[in-house]
Amino acid sequence: MSERQAARDLRGALIGCGFFAENQMRAWQELPGVKIVALCDRDPQRLAHFQDRFGIEATYTDAEAMFEALADSADPGLDFVDIATTTSAHAALVPLAADRGVDILCQKPFAGSLETARRLIEYCTQRGVSLSIHENFRWQQAVRRTIEALRDGEIGRPFFGRISYRSGFDVYKAQPYLARVERFIIEDLGIHVLDIARALFGEVDRLSCETARVNPAINGEDVATLMLRHANGVTAVVDCSYATHLADDPFPQSLIEIDGEQGSLRLRQDFVLEIHDVDGQREVRDVSPEPPAWSEAPWVPIQASVLAFQADWLQARRQHRPVETCGEDNFNTLALVEAAYRAAASHHTVIPERWGR
Ligand SMILES: NC(=O)c1ccc[n+]([C@@H]2O[C@H](COP(=O)([O-])OP(=O)(O)OC[C@H]3O[C@@H](n4cnc5c(N)ncnc54)[C@H](O)[C@@H]3O)[C@@H](O)[C@H]2O)c1
């Protein structure tokens, strides 16, 4: 990186001005040393909404036209692109950015199949651009503090885990497409919870899964229960539901239980982390998120995690290191999603694919 580049703000473009991208934009605007200089959405109304809301003049309804216009302009080019569209657009947008040598952040689910994921990861590697997947759940403050407690050995070697996400929140209101998709909770939400399982316990050797559709008004499964056998010997249960009615709905919190040889750890509702030791003593920690000024209930933990992920991405770029959830890493999370659907269809245990194996 030249001194001139180091001195100026990083310049990025956002592609996909939809529901969730609002959080990404607000986070970029809060972070120092980075600027979104152009917006792209094929829907002119969404584009106009983002232009007004975030005060960005350069807008495009076509990504290729955007890259060409920015390459031709007198301004320094783009350093990165933040792809916040739904998955089906990624296979075309990632190569477009990679061909221009622009680093890429891309929303989950990164690709519609492992074959496409592999092709896109290799494409980026061949063109020397970094590919980072926007996987923010492991960056939620409560989840992060849980990961750190485990990694610091506070309960010794783990042998059991449960990561649970159960809610009746109406996710279809802000994201109506979720009611139409054939694959719903594992691909949309379970992918995050499976990524937390990998962040806690590492890679998965075997996986089984059962699903159900409780809500008759949707096409996909809204309940999934998975059992994972991790390579480190941990057996973990990952359970997800958008059909669970609770007076104190924990949306959008993931609750975690881990049993280790030297104690147990419980991440309870409302950001309480308990560490239990072998003598039956309990330490209670407040692991509440620090709410960004723009955050609003019930989204606070998620919005704070978007800010944390993007801050780490910036730092990683300055330190010339990949983010935890680079393309190769996220391939293994995506592989758990694929394995889960195969296991649910066959009612058999499945060995997930793994990057480089
Ligand atoms: N990380 C998280 O916590 C989290 C939360 C919600 C959604 N998401 C993910 O974010 C992605 C977007 O979800 P959403 O709910 O915001 O969807 P959305 O439909 O509200 O927004 C997507 C936007 O992308 C635009 N778009 C699609 N294809 C395009 C193309 N080729 N070029 C330009 N614009 C294009 C659409 O017009 C739309 O405005 C999904 O993959 C979803 O899984 C992640």
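Residues numbered from 1 in each chain as written. Predicted model: local features only at pLDDT ≥ 70, side-chain atom pairs only at ≥ 80, totals over all residues. Heavy atoms only, no water.

A.B. asks: Got a minute to help me understand the overall build of the chain in this structure?
C.D. replies: Counting its regular elements, the chain contains 10 helices and 14 strands. Expected size for 357 residues packed as a compact globule is a radius of gyration near 21 Å; at 20 Å, the chain falls within 12% of this value. Each principal axis of the C-alpha distribution contributes one length, and for the chain these read about 65 × 45 × 45 Å. Per-residue burial for the chain yields a buried fraction of 55% across its 357 residues. When contacts within the chain are restricted to residue pairs at least 6 apart in sequence, long-range pairs at least 24 apart make up 67% of them. (Helix = DSSP H or I, 4+ residues; strand = E, 2+ residues; numbered from the N terminus. Rg over C-alpha atoms; globule rule 2.2 N^0.38 Å. Buried < 20%, exposed > 50% of the residue type's maximum accessible area, 1.4 Å probe, protein only. Contact = heavy atoms within 4.5 Å.)

A.B. asks: Would you take a moment to explain the sheet that holds strand E12 (residues 263-268) for this structure?
C.D. replies: Hydrogen bonding along the main chain pairs the strands of a sheet, whether they run parallel or antiparallel. One open sheet holds the eight strands; their spatial order is E8-E9-E10-E7-E11-E12-E13-E14, and the pairing between them is mixed. Pairing within the sheet leaves two strands with one partner each, and these edge strands are strand E8 (204-212) and strand E14 (282-286). The mean angle between the axes of side-by-side strands here comes to 10 degrees, regardless of whether they run parallel or antiparallel. Its contacts with the sheet put helix H7 (residues 141-151) on strand E7 (158-166), strand E11 (255-260), E12, strand E13 (272-277) and E14, and the angle it makes with E12 is roughly 175 degrees. Along the sheet, helix H10 (residues 327-346) contacts E8 and strand E9 (223-230); its crossing angle with E8, the most-contacted strand, is approximately 55 degrees. (Pairing = 2+ DSSP bridges. Axes fitted to C-alpha atoms, helices over the stretch in contact; angles between N-to-C directions.)

A.B. asks: Honestly, the site of the ligand in this entry has me stumped. Any pointers?
C.D. replies: Looking at the ligand, there are 23 residues lining it, with Phe20, Asp41, Lys108, Asn136 and Tyr177 nearest. Contact between the ligand and Arg42: a nitrogen atom at 3.3 Å from a main-chain N or O atom of the residue. Side-chain polar atom of Asn136 to a nitrogen atom of the ligand: 2.6 Å apart, as the coordinates give it. Relative to its unbound accessible area of 850 Å², the ligand is 87% covered by the protein chains. (Near = heavy atom within 4 Å. Polar contact = N/O pair within 3.5 Å; in protein donor to acceptor, adjacent residues only side chain to side chain. Areas by Shrake-Rupley, 256 points an atom, 1.4 Å probe, with all protein chains shown as cover.)

A.B. asks: Would you take a moment to explain the domain arrangement of the chain for this structure?
C.D. replies: Accessible area lost on assembly of the parts is the figure often given for the size of an interface. Under the domain assignment, the chain is made up of domain 1 (3-134) and domain 2 (138-296 + 332-346). Centre-to-centre separation of domain 1 and domain 2, based on C-alpha positions: 29 Å. Across the boundary between the two partners, domain 1 contributes 13 residues, which contact 13 residues of domain 2. For the pairing of domain 1 and domain 2, the buried interface totals around 1100 Å² over both sides, and the portion due to carbon and sulfur atoms is 68%. Along the contact surface separating domain 1 from domain 2 lie one salt bridge. Asp188 is the salt-bridge partner of Lys108, the closest N and O atoms lying 3.4 Å from each other. At the junction of domain 1 and domain 2, the tally comes to two residue pairs in polar contact (both at pLDDT 80 or more). Elements with a minimum of two residues in the side of domain 1 that touches domain 2: helix H2 (21-30) and helix H6 (114-126). Considering each element in turn, the side of domain 1 that touches domain 2 owes the most residues, four residues, to H2. Of the residues contributing to the side of domain 1 that touches domain 2, the split by class is six nonpolar, four polar and three charged. (Domains from an automatic or database assignment. Buried area = accessible area lost by both parts, 1.4 Å probe. Salt bridge = Lys/Arg side-chain N within 4 Å of Asp/Glu carboxyl O. Nonpolar A, V, L, I, M, F, W, Y, C, P; charged D, E, K, R; others polar.)

A.B. asks: In this structure, what is going on with H7? I would like to understand it.
C.D. replies: Owing to its 3.6 residues per turn, the α-helix aligns residues three or four sequence positions apart on the same side. Buried within H7 we find Ala142, Val143, Arg144, Thr146, Ile147, Ala149 and Leu150. Packing partners of the buried residues in H7 comprise E7, helix H8 (185-201), E11, E12, E13 and E14. In the stretch just after H7, Gly153 is the one whose phi turns positive, near 80 degrees.

A.B. asks: How should H10 be read in this particular structure?
C.D. replies: Helix length check: H10 (20 residues) gives 28 Å between terminal C-alpha atoms against 28 Å at 1.5 Å per residue, within 8%. Burial of H10 is extensive: 16 of the 20 residues sit out of reach of the surface. Following H10 by one or two positions, His347 adopts a phi angle in the positive range, close to 60 degrees. (Expected span 1.5 Å × (residues − 1).)

A.B. asks: Just checking my understanding: could you explain the environment of Val287 for this structure?
C.D. replies: The topology assignment puts Val287 in the loop between E14 and helix H9 (300-318). Accessibility expressed as a relative area gives 0% for Val287, which makes it buried. With 267 residues separating them in the primary sequence, Val287 and Phe20 have C-alpha atoms 24 Å apart. Discounting residues that sit within four places of it in the chain, Val287 has contacts with Gln141, Ala142, Arg145, Leu267, Phe271, Val272 and Leu273.

A.B. asks: What is the right way to read the pairing of strand E6 (residues 131-134) from this model?
C.D. replies: If a strand is regular, its side chains alternate between the two faces of the sheet. Going residue by residue along E6, you find Leu131 and Ile133 tucked away on one face and Ser132 and His134 tucked away on the opposite face as well. In this fold, the crossover linking strand E5 (residues 103-107) to E6 by way of H6 has right-handed handedness. (Right-handed = clockwise from strand over helix to strand, strands pointing away.)

A.B. asks: Would you take a moment to explain the pattern of salt bridges for this structure?
C.D. replies: Side chains bearing opposite charge may pair, as long as their charged atoms lie close to each other. With the rule as written, the count across this model stands at 27 salt bridges. As a salt-bridge pair, Asp329 and Arg138 come within 3.7 Å of each other at their nearest N and O atoms. With a gap of 191 residues between them, Asp329 in helix H10 and Arg138 in the loop between E6 and H7 connect regions that are remote in the sequence. Overall, the relative accessible area of 17% leaves Asp329 in the buried class. Here Glu283 makes a salt bridge to Arg285, at a shortest N to O gap of 2.8 Å. You can call Glu283 partly exposed: its relative accessible area is 40%.

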